[in-house]
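The residues making up each chain are set out below.
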Amino acid sequence: MDQKYIKMLAAMLDGSVTSLQVFFLTLIFAIPLALPIAQGRLSKNKFLSGLINVFLLVIRGTPLMLQLLVVYFGPGLFVRFLVNKGYDVTFKWDRFTAAIIALSINYAAYFAEIYRGGIESIPKGQYEAAKVLGYTKSQAFFRIILPQVVKRIIPAMGNEVITLVKDTALVSVIGVSELLMVAKERQGALFSFVPLFIAGVFYFVMNWIVSIAFAKIEKKLSYYS
């Protein structure tokens, strides 16, 4: 194999690793973060639920690319403002960290609304039955309600996770060298469509694996039907 293609494959492998890291770290942070957001949205405290609702409107109503730029450049601009005001402040922001924070917040907002829909779909009678059986509110939620919610939200969660696979490409806007960014660079250097084709195959295979995984999870949880 030509040396230039060997270098291309090595670079794209590194880009694939970065894309996978972005994908898994986003899920690790976004999935648990979405639960308190959903609970806040369902809170009887009007101030808290209103605040969460505004947060969700902002996150879901603005492009993810814009959010990446704000998270990456925003803190630096704020520190520069403080320095201009005479404060002795230093700041160093990592591109990869900024990407994970922005994606985690964005997907937590979407997951939270999925959770909320799942929680509200559970009949109120189940809460009352749990209370009669002597369960506390937290015990009823985690032992009775949550397992049923998980079953009901699996299809919607699967769609969002598939979207996340593709959205990992957006982190290139702040200079994170993920797969698609590497593919574009190699395409320009080699004057070949092969790097983009390989990137497309990677995203397809990743989404195929995600689809199979969620189908198996849904089948495993079918006893809640």
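Up top you'll find the structure we're talking about.
Given the structure is predicted, the values throughout are model-derived calculations rather than measurements.

The rules behind these values
- Every residue gets a number counted from 1 within its own chain, in the order that chain's sequence is written.
- Restriction of local features to residues with pLDDT of at least 70 applies here, the model being predicted, together with a cutoff of 80 or more for giving and counting side-chain atom pairs; totals for whole chains, interfaces and linings are based on all residues.
- Each side-chain value is worked out from all heavy atoms of the structure, with water and hydrogens disregarded.
- By definition, any uninterrupted DSSP run of H or I lasting at least four residues is a helix, any uninterrupted run of E lasting at least two residues is a strand, and each is numbered from the N terminus.
- Both definitions apply: the radius of gyration is a C-alpha atom measure, and the globule rule equals 2.2 Å times residues to the power 0.38.
- Think of it in three bands: residues with accessible area under 20% of the maximum for their type are buried, residues over 50% are exposed, and the middle band is partly exposed, with areas taken using a 1.4 Å probe on protein chains only.
- Residue contacts follow a heavy-atom distance rule, with two residues in contact if any of their heavy atoms lie within 4.5 Å.
- Think of it this way: a Phe, Tyr or Trp ring, Trp meaning its six-membered ring, pairs with another when their centres are within 6.5 Å, and the plane angle makes it stacked under 30 degrees, edge-to-face over 60, tilted otherwise.
- Each patch is built from residues that are more than 30% exposed by relative accessible area and take part in no salt bridge. Like charges join if they lie within 9 Å; nonpolar side chains (Val, Leu, Ile, Met, Phe, Trp, Tyr) join within 5 Å.
- A 1.4 Å probe and the Shrake-Rupley method give the accessible areas. Residues count as covered only by the protein chains that appear here.
- Think of a salt bridge as a Lys or Arg side-chain nitrogen and an Asp or Glu carboxyl oxygen that are within 4 Å of each other.
- His is not counted, nor are the chain ends, whereas Lys and Arg count as positive and Asp and Glu as negative.
- Each charge is placed at NZ for Lys, CZ for Arg, CG for Asp and CD for Glu.
- Put simply, a nonpolar core is a bunch of buried Ala, Val, Leu, Ile, Met, Phe, Trp, Tyr and Cys residues held in one set by side-chain atoms that sit within 4.5 Å of each other.
- By this rule, a helix spans an expected 1.5 Å times one less than how many residues it contains.
- By definition, a residue's bend is the angle between the axes fitted to the seven residues ending there and the seven starting there.

### Observations regarding the overall build of the protein
Here comes step 1: What the protein contains, in helices and strands, is 8 helices and 0 strands.
Here comes step 2: For the protein, the sequential pattern of α-helices and β-strands runs α-α-α-α-α-α-α-α.
Here comes step 3: Computed over the C-alpha atoms, the radius of gyration of the protein is 22 Å, more than 25% above the 17 Å expected from 2.2 N^0.38 for a compact globule of 225 residues.
Here comes step 4: By principal-axis analysis of the C-alpha atoms, the protein measures approximately 70 × 55 × 25 Å.
Here comes step 5: In the protein, which comprises 225 residues, the share counted as buried stands at 37%.
Here comes step 6: In the protein, of all internal contacts separated by at least 6 residues, the share reaching a separation of at least 24 is 76%.

### What about the packing of aromatic side chains?
Here comes step 1: Applying the stated criterion to the full structure yields 5 aromatic pairs.
Here comes step 2: Relative to Phe24, the ring of Phe23 has its centre 5.0 Å away and its plane inclined at 75 degrees; by these criteria the two rings are edge-to-face.
Here comes step 3: For Phe23, a relative accessible area of 4% puts it in the buried group.
Here comes step 4: Judged by its relative accessible area of 46%, Phe24 is partly exposed.
Here comes step 5: Their ring planes at 90 degrees and their centres at 5.1 Å tell us that Phe141 and Phe142 sit as a pair that is edge-to-face.
Here comes step 6: Using a relative accessible area of 11% as the deciding quantity, one classes Phe141 as buried.

### A short note on a positive patch on the surface
Here comes step 1: A surface patch of like charges, here positive, comprises Lys44, Lys124, Lys131 and Lys137.
Here comes step 2: The topology assignment puts Lys124 in helix α5 (residues 124-132).

### Here we look at the nonpolar core
Here comes step 1: In terms of nonpolar packing, the biggest core is built from 56 residues, with Phe23, Phe111 and Tyr115 touching the most fellow members.
Here comes step 2: Counting residues per element, the ones that place at least two in this core are α1 (3-41), α2 (46-61), α3 (64-84), α4 (95-120), α6 (137-167), α7 (179-190) and α8 (194-220).
Here comes step 3: When residues of this core are assigned to their parent elements, the largest contribution, 13 residues, is made by α4.

### Focus: the pattern of salt bridges
Here comes step 1: Applying the stated criterion across every chain, the model contains 3 salt bridges.
Here comes step 2: One salt bridge connects Arg116 with Glu113, and the closest N-O pair in it is separated by 3.0 Å. Here Arg116 and its partner Glu113 are both found in helix α4, 3 residues apart, which amounts to about one turn of the helix.
Here comes step 3: Exposure remark for Arg116: the relative accessible area of 19% places this residue in the buried category.
Here comes step 4: Taken together, the shared-partner salt bridges in this structure form one network comprising Arg60, Glu113, Arg116 and Glu120.

### Things to note about α6
Here comes step 1: With 31 residues, α6 extends just 37 Å between its outermost C-alpha atoms, more than 12% less than the 45 Å of an ideal straight helix rising 1.5 Å per residue.
Here comes step 2: Largest kink in α6: about 50 degrees, centred on Ile154, with the proline Pro155 one to four residues after it.

### Comments concerning the environment of Val89
Here comes step 1: Note on placement: Val89 falls in the loop between α3 and α4.
Here comes step 2: Among the residues examined, Val89 registers a relative accessible area of 30% and is labelled partly exposed.
Here comes step 3: Separated by 93 residues in the primary sequence, Val89 and Val182 place their C-alpha atoms 35 Å from one another.
Here comes step 4: When sequence neighbours within four positions are dropped, the list of residues in contact with Val89 reads Val79, Leu82 and Val83.

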